[in-house]
Amino acid sequence: MLEIGPIILRSWEKDDLERIHRWENDFELMLYSRGMPHSMKPYENVVDYFEEERKREDRLHYVITLKNGGEAIGTAVIRLSKWSRVQSGNIGTYLDKKYWNKGLGKIVTLGLLELSFHFLNLDRCEAGSIEYNKRAHRVLEECGFRRVGVHRKSAYVLGRRWDWYIFDILREEYLEIREELIRKFLGSEAEEYLKRTSLF
Ligand SMILES: CC(C)(COP(=O)(O)OP(=O)(O)OC[C@H]1O[C@@H](n2cnc3c(N)ncnc32)[C@H](O)[C@@H]1OP(=O)(O)O)[C@@H](O)C(=O)NCCC(=O)NCCS
């Protein structure tokens, strides 16, 4: 569990699955978060997915909740992989639509970077996002990611093919800007967070 600013990233529980099922069948949400808005999922599939994923050590799934009141407002994930002795985390997140554009996505992304680098000691993080998802690109770039590649015309949505952008950030790049990002996004809560996440 990670408490950062106004949010908490905690593990998925069975009680969350109904809400996750609703999100995973929200056309507009999936239009941005998966680039596959037409793949509707029955509740049983969400349960099966949850059961399979929680057995895996290379998947870290989170439910995002508000610290104030505990409402679940979205999900986040870090998918771990190791290739040629380099440990990577592929991150993803979505928020319930009513919480878009309130600055929370940047804090969630900061939280995922904190988990990846400050807690898990990963070497690099990456994220993929469909060409038209300008808001997500802005959030990633604001958090220090760079657009490093593109899978051209590799997603088909609403009558045409779109590029799939790849963003990444290296551990040393994050550590260089860590305190600056924390102060920028957490404001008056930054010092308390920095103190809580360092022993000395
Ligand atoms: C992507 C998502 C997690 C971002 O969270 P959020 O809380 O909405 O984002 P924030 O409010 O922290 O920041 C949004 C930024 O994008 C900017 N933005 C919003 N719409 C934009 C657009 N159409 N073009 C460019 N920038 C845009 C905002 O101005 C803001 O930047 P600023 O604060 O520097 O001005 C959230 O919108 C979401 O769940 N979207 C649907 C799923 C999704 O896209 N997931 C990510 C897949 S990679």
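No experiment lies behind these values; they were computed from the predicted model shown.

Thresholds, definitions, all that
- Residues numbered from 1 in each chain as written.
- Predicted model: local features only at pLDDT ≥ 70, side-chain atom pairs only at ≥ 80, totals over all residues.
- Heavy atoms only, no water.
- Helix = DSSP H or I, 4+ residues; strand = E, 2+ residues; numbered from the N terminus.
- Buried < 20%, exposed > 50% of the residue type's maximum accessible area, 1.4 Å probe, protein only.
- Near = heavy atom within 4 Å.
- Polar contact = N/O pair within 3.5 Å; in protein donor to acceptor, adjacent residues only side chain to side chain.
- Areas by Shrake-Rupley, 256 points an atom, 1.4 Å probe, with all protein chains shown as cover.
- 1 Å grid on protein atoms, 1.4 Å probe; cavity = no way out; pocket = protein on both sides within 12 Å on 5 of 7 lines; lining within 4 Å.
- Sits in = over half its atoms within 2 Å of the grid points.
- Nonpolar A, V, L, I, M, F, W, Y, C, P; charged D, E, K, R; others polar.
- Axes fitted to C-alpha atoms, helices over the stretch in contact; angles between N-to-C directions.
- Parallel < 35°, antiparallel > 145°, perpendicular 65-115°, else oblique.
- Left-handed = near helix turned anticlockwise from the far one by under 90°.
- Contact = heavy atoms within 4.5 Å.
- Disulfide = S-S within 2.5 Å.
- Points joined across faces, edges and corners; volume = space filled by probe spheres on them.
- Phe/Tyr/Trp six-rings, centres within 6.5 Å; stacked < 30°, edge-to-face > 60°.

1. Quick notes on the environment of Val-47
No. 1: Here Val-47 is to be found in helix 3 (residues 43-53).
No. 2: In this structure Val-47 comes out as partly exposed when scored by relative accessible area, which is 23%.
No. 3: Taking the C-alpha atoms as reference points, Val-47 and Gly-74, 27 residues apart in sequence, are found 17 Å from one another.

2. Describing the site of the ligand
No. 1: Leu-95, Asn-101, Gly-105, Lys-106 and Asn-133 are the nearest of the 23 residues found near the ligand.
No. 2: Note that an oxygen atom of the ligand is positioned 2.7 Å from one of the backbone N or O atoms of Leu-95.
No. 3: Side-chain polar atom of Arg-135 to an oxygen atom of the ligand: 3.1 Å apart, as the coordinates give it.
No. 4: About the coverage of the ligand: the protein hides 75% of its 960 Å² of free accessible area.
No. 5: When each cavity is represented as a set of grid points, the ligand is found to reside in the largest pocket.
No. 6: Those elements that place two or more of their residues in the shell around the ligand are helix 2 (27-33), strand 5 (86-95), helix 4 (104-119), strand 6 (124-130) and helix 5 (134-142).
No. 7: The element best represented in the shell around the ligand is helix 5, accounting for six residues.
No. 8: The class makeup of the residues in the shell around the ligand is nine nonpolar, eight polar and six charged.

3. Quick word on the packing of helix 4 against helix 5
No. 1: At a closest axis distance of 9 Å, the pairing of helix 4 and helix 5 adopts a crossing angle of 50 degrees. Classed by the angle they form, the pair helix 4 and helix 5 counts as oblique. When the axes of helix 4 and helix 5 are compared, the crossing they make is right-handed. Contacts between helix 4 and helix 5 involve Gly-105, Lys-106 and Thr-109 from the former and Val-139, Leu-140 and Glu-142 from the latter.
No. 2: Each residue belonging to the contact of helix 4 with helix 5 can be placed in one class, and the counts come to two nonpolar, two polar and two charged.

4. With respect to the state of the cysteines
No. 1: As enumerated under the stated definition, the model contains zero disulfides in all.
No. 2: You can see Cys-125 has no disulfide; the closest cysteine sulfur is in Cys-143, sitting 11 Å from it.
No. 3: Since its relative accessible area comes to 0%, Cys-125 is described here as buried.

5. Quick word on the layout of surface pockets
No. 1: Each pocket or cavity is described by its volume, and for the largest pocket that value is around 1100 Å³.
No. 2: Lining the largest pocket are 43 residues, with Tyr-32, Ser-33, Gly-92, Thr-93 and Tyr-94 positioned closest to its centre.
No. 3: Class assignment of the residues belonging to the lining of the largest pocket gives a composition of 20 nonpolar, 14 polar and nine charged.
No. 4: Approximately 150 Å³ is the volume found for the second largest pocket.
No. 5: Lining the second largest pocket are Met-1, Arg-10, Ser-11, Trp-12, Phe-50, Glu-53, Arg-54, Arg-59, Leu-60, His-61 and Tyr-62.

6. Details of the packing of aromatic side chains
No. 1: Overall, the coordinates contain seven aromatic pairs when judged by the stated rule.
No. 2: Taking the centre distance of 5.9 Å and the plane angle of 75 degrees together, the rings of Tyr-32 and Tyr-132 count as edge-to-face. Of this pair, Tyr-32 sits in helix 2 while Tyr-132 sits in the loop between strand 6 and helix 5; the two residues are 100 residues apart in sequence, bridging distant segments of the chain.
No. 3: A relative accessible area of 25% means that Tyr-32 is categorised as partly exposed.
No. 4: For Tyr-132, a relative accessible area of 18% translates into the label buried.
No. 5: On the basis of an interplanar angle of 80 degrees and a centroid distance of 4.7 Å, the ring pair of Tyr-132 and Trp-162 is categorised as edge-to-face. Highlighted residues: Tyr-132 in the loop between strand 6 and helix 5 and Trp-162 in strand 8 (residues 160-170), separated in sequence by 30 residues. Here Tyr-132 and Trp-162 have matching classes, each one buried.

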